[in-house]
Amino acid sequence: MGQIIFIVVLVIIAFFVLTGTFFTVKQQTAAIIERFGKFTSMRHSGLQLKIPVIDRIAGRINLKIQQLDVIVETKTKDDVFVRLKISVQFQVRREKVYDAFYRLQNPHDQITAYVFDVVRAEVPKMKLDYVFEKKDNIAIAVKGELNDAMMDYGYDIIKTLVTDIDPDVQVKAAMNRINASEREKTAAEYEAEAERIKIVAKARAEAESKRLQGQGIADQRREIARGLEESVDVLNNVGINSQEASALIVVTQHYDTLQSIGEATQSNLILLPNSPQAGSDMLNNMIASFTASAQIGEQMKKTNKEIEAKKNNDADGLQDED
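Residues numbered from 1 in each chain as written. Predicted model: local features only at pLDDT ≥ 70, side-chain atom pairs only at ≥ 80, totals over all residues. Heavy atoms only, no water.

## With respect to the side chain of T76
Mapping T76 onto the fold places it in the loop between β6 (66-75) and β7 (81-92). A distance of 2.4 Å separates the side chain of T76 from the side chain of D78, its partner in a polar contact. Not counting the four nearest positions on each side in its chain, T76 is found in contact with V82, V123, P124, M126, K127, L128 and V131. (Helix = DSSP H or I, 4+ residues; strand = E, 2+ residues; numbered from the N terminus. Polar contact = N/O pair within 3.5 Å; in protein donor to acceptor, adjacent residues only side chain to side chain. Contact = heavy atoms within 4.5 Å.)

Next up, the structure:
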């Protein structure tokens, strides 16, 4: 019975000796070994040995790249409160594991403090719009400050990123309204420009239409005049003088007009003279109008010549006085 107990005790002692002597360290990890509370060595990945009871594992340091997200609330230059999310990627340097373990109690709190300090120093210099545009400058400033501060503690700052900028809800709503108003303004300007182009195109089309219409009327009248001239020549050849020919043509056109009006189904009521003397009266009125116009034109030419002669005489008198 005593031998069995002895064997069991030996097995237990052997187990504790083995477990206290051999230990493993994971990849990308460093183990700190202390002997009676004093740093002895640093062990890396693999199966390692230590003296049982005398040596102990004081701690393990992660050598992988780690990320710390820091939320900072601060105020911009235009008095807008904004929350920024800063992501800091850092790593313990292999040659500085001792400093990282013994010199710095809580690296996350230290990094967070520096991030707060830098962001609250940089953002109040900028307006809200520039915070969005210059976020890379903020990240560079944070990285530079952290590198200078954390290098002595064995930490290497790989990269810093401004991953989120979140203004107050009311500020975001106001920014969205401003953006919507700008887009509506731009849309209104484009619509007004399109309407102006339509109006200009329509006016040009109407002007071209009227020009062509006037040209057509002019051509029509020119052809009518040529036809009248030929008709008068034909009538003169058969012994009808010019006045009689003109009266005949006017009467013919008068009755042609009456016929055209009568053939129209939707014509308004129009009263025209239709007596046999109507053509002769119209011809006489036309001749009288032409004669009066010619007399008025001659009188105006005479008056203009007298005014011009008076101006020339006055100018000559002024030259003689000089």
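## Side note on the nonpolar core
The biggest cluster of nonpolar side chains holds 35 residues, and the ones touching the most others in it are L84, V115 and I138. Listing elements by their share of this core, those giving two or more residues are β2 (29-35), β6, β7, α2 (97-102), α3 (107-122), α4 (128-133), α5 (135-150) and β8 (155-167). Apart from the residues lying within four places of it in its own chain, the contact partners of L84 are V70, I71, V72, T74, V123, V131, I138, V162, D164 and I165. (Core = buried A, V, L, I, M, F, W, Y, C linked by side-chain atoms within 4.5 Å. Buried < 20%, exposed > 50% of the residue type's maximum accessible area, 1.4 Å probe, protein only.)

## Things to note about the sheet that holds β2
Taken together, three strands build an open sheet; the order of strands is β3-β2-β5 and the sheet is antiparallel. Looking along the sheet, the strands with just one partner apiece sit at the ends: β3 (38-43) and β5 (55-62). Within this sheet the neighbouring strands show an average axis-to-axis angle of 30°, counted without direction. Bridging between β2 and β5 involves seven bridges; their strand directions are antiparallel. Bridged to E34 within β5 is R56. (Pairing = 2+ DSSP bridges. Axes fitted to C-alpha atoms, helices over the stretch in contact; angles between N-to-C directions.)

## Points about the pattern of salt bridges
The tally for this structure, following the rule as stated, stands at eight salt bridges. Notably, a salt bridge pairs E95 with R93, separated by 2.9 Å at the nearest N-O pair. (Salt bridge = Lys/Arg side-chain N within 4 Å of Asp/Glu carboxyl O.)

## Looking at a nonpolar patch on the surface
A cluster of nonpolar side chains, F36, I51, V53 and I54, forms an exposed patch at the surface whose accessible area comes to about 440 Å². Relative to the helices and strands, I54 resides in the loop between β4 (46-49) and β5. Among the residues examined, I54 registers a relative accessible area of 31% and is labelled partly exposed. (Patch = residues over 30% accessible without salt bridge, like charges linked within 9 Å, V, L, I, M, F, W, Y side chains within 5 Å. Areas by Shrake-Rupley, 256 points an atom, 1.4 Å probe, with all protein chains shown as cover.)

## Looking at a negative patch on the surface
The grouping of D117, E145, D148 and D152 at the surface amounts to a negative patch. Mapped onto the secondary structure, D117 falls in helix α3. Judged by its relative accessible area of 48%, D117 falls in the partly exposed class. (Lys, Arg positive; Asp, Glu negative; His and termini not counted. Charge placed at Lys NZ, Arg CZ, Asp CG, Glu CD.)

## Some details on α5
Because each turn of an α-helix spans 3.6 residues, side chains separated by three or four positions in sequence point in the same direction. With 16 residues, α5 extends 22 Å from end C-alpha to end C-alpha; this agrees with the ideal 22 Å at 1.5 Å per step. Within the sequence span of α5, burial applies to I138, A139, V142, L146, N147, A149 and M150. Looking straight down α5, one finds its buried side chains confined to an arc of 170°; they lie on one side. Along α5, exposed side chains directed more than 90 degrees from the buried face belong to I140 and D148. Against the buried residues of α5 lie β7, α3, α4 and β8. (Expected span 1.5 Å × (residues − 1). Arc of directions from axis to C-beta.)

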